[in-house]
Amino acid sequence: PGDIILGLDEKKLSNIIIGKATAEHADGEVNFIPSHAALCVAKEEDFEVAEMTHHHYTRSTWEDVCYEATRVMIIRCTDWDEKYINEKVIPTCLSFKDKKYDIVFDQGKKELICSELVYFSDPERRLKVNLDPVLGFKPYISPVGLLKGKNIEIVWDSDKEK
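Described below are features of the structure shown in this document. Predicted model only: the values in this text are computed from it and were never measured. (Residues numbered from 1 in each chain as written. Predicted model: local features only at pLDDT ≥ 70, side-chain atom pairs only at ≥ 80, totals over all residues. Heavy atoms only, no water.)

1. Remarks on the side chain of Asp157
The line we're drawing: For helices the rule is a DSSP run of H or I covering at least 4 residues; for strands it is a run of E covering at least 2, with both sets numbered from the N terminus onward. Within 3.5 Å is the distance limit for a polar contact, defined as a pair of N or O atoms, with the added protein rule that one can donate a hydrogen and the other accept it, and that residues adjacent in sequence qualify only through two side-chain atoms. Two residues form a contact once any of their heavy atoms are found within 4.5 Å.
Summarising the element assignment, Asp157 is placed in strand β8 (residues 152–157). A distance of 2.6 Å separates a polar atom in the side chain of Asp157 from a polar atom in the side chain of Arg71. The contacts of Asp157, once residues within four sequence positions are left out, are Arg71, Val72 and Met73.

Dropping the structure here:
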């Protein structure tokens, strides 16, 4: 619970637009530009991951997220403790269950993109994300910005399993 899943699917248009590059991370340079983010909320009935997709707020499993990706990375905010995750982050994330996907990437809580779901689930803003635009647009919360966060550690990378 509280871990953030970043995904990349090289077959999707979003990855073709973003392209391949490297992201500077606290642990060094990472050759991974994720295009999707999701939040682990623990096993609850039939789902364990909350994410924003073209289907809007989606209750998913680890397998669902991996099925849609050619590479997956799990990251963790070092400033989220178990109490904060269970009492603030997860309940806040679950409260977004009726949110629609933001097709115009207009930052705010009215509609959400995948990385905003993670960002806005952190009501105390303990997660220190990087808001630099990936494609030269206005600053926004992106999966890359989550990875480049100042207090993020990489827990697991499927690319390291090859």
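From this point, the discussion proceeds with the structure in view.
2. Concerning the packing of aromatic side chains
To keep things clear, this is the line we draw: Two rings from Phe, Tyr or Trp (for Trp, the six-membered ring) form a pair when their centres are within 6.5 Å of each other. A pair whose planes differ by under 30 degrees is stacked, one over 60 is edge-to-face, and the rest are tilted. Remark: exposure states derive from per-residue accessible area (1.4 Å probe, protein chains only) relative to the maximum for the residue type, with buried under 20%, exposed over 50%, and partly exposed in between. Remark: a charge is flagged as sitting over a ring if the NZ atom of Lys or the CZ atom of Arg is within 6 Å of the ring centre and within 35 degrees of the ring normal.
Enumeration according to the criterion identifies three aromatic pairs in this entry. Pairing Trp62 with Trp156 gives two aromatic rings, centres 5.9 Å apart and planes at 65°, and the pair type is edge-to-face. Of this pair, Trp62 sits in helix α2 (residues 62–67) while Trp156 sits in strand β8, and the two are 94 residues apart along the sequence. Residue Trp156 is classed as partly exposed on the basis of its relative accessible area, which comes to 29%. An angle of 75° between the planes, with centres 5.1 Å apart, marks the rings of Tyr119 and Phe120 as edge-to-face. Both residues of the pair, Tyr119 and Phe120, count as buried. Across the ring face of Tyr119, the terminal group of Arg125 is positioned such that the distance to the ring centre comes to 4.5 Å.

3. Notes on the nonpolar core
Which entries qualify depends on this criterion: Among the buried residues, those of types Ala, Val, Leu, Ile, Met, Phe, Trp, Tyr and Cys that are joined through side-chain atoms within 4.5 Å form a nonpolar core.
Counting residues in each nonpolar core, the largest one holds 33 residues, and the members touching the most others are Ile4, Leu6, Trp80, Leu127 and Leu146. For this core, the elements supplying multiple residues, two or more each, are β1 (4–8), β4 (36–44), β5 (47–53), β7 (71–77), α3 (82–94), α4 (114–120) and α5 (143–147). Here Leu146 is in contact with Ile4, Leu6, Ala37, Ile75, Ser115, Val118, Leu127, Val129 and Ile152, once residues within four sequence places are set aside. Grouped together as the second largest cluster of nonpolar side chains are seven residues, Ile5, Ala38, Cys40 and Ala69 included.

4. As for the environment of Leu117
Structurally, Leu117 is set in helix α4. Separated by 18 residues in the primary sequence, Leu117 and Lys99 place their C-alpha atoms 9.4 Å from one another. Other than its neighbours up to four places away in sequence, Leu117 contacts Ala50, Glu51, Met52, Tyr57, Cys93, Phe96 and Leu112.

5. Side note on the environment of Met73
Positionally, Met73 belongs in strand β7. Separated by 67 residues in the primary sequence, Met73 and Leu6 have C-alpha atoms spaced 5.1 Å apart.

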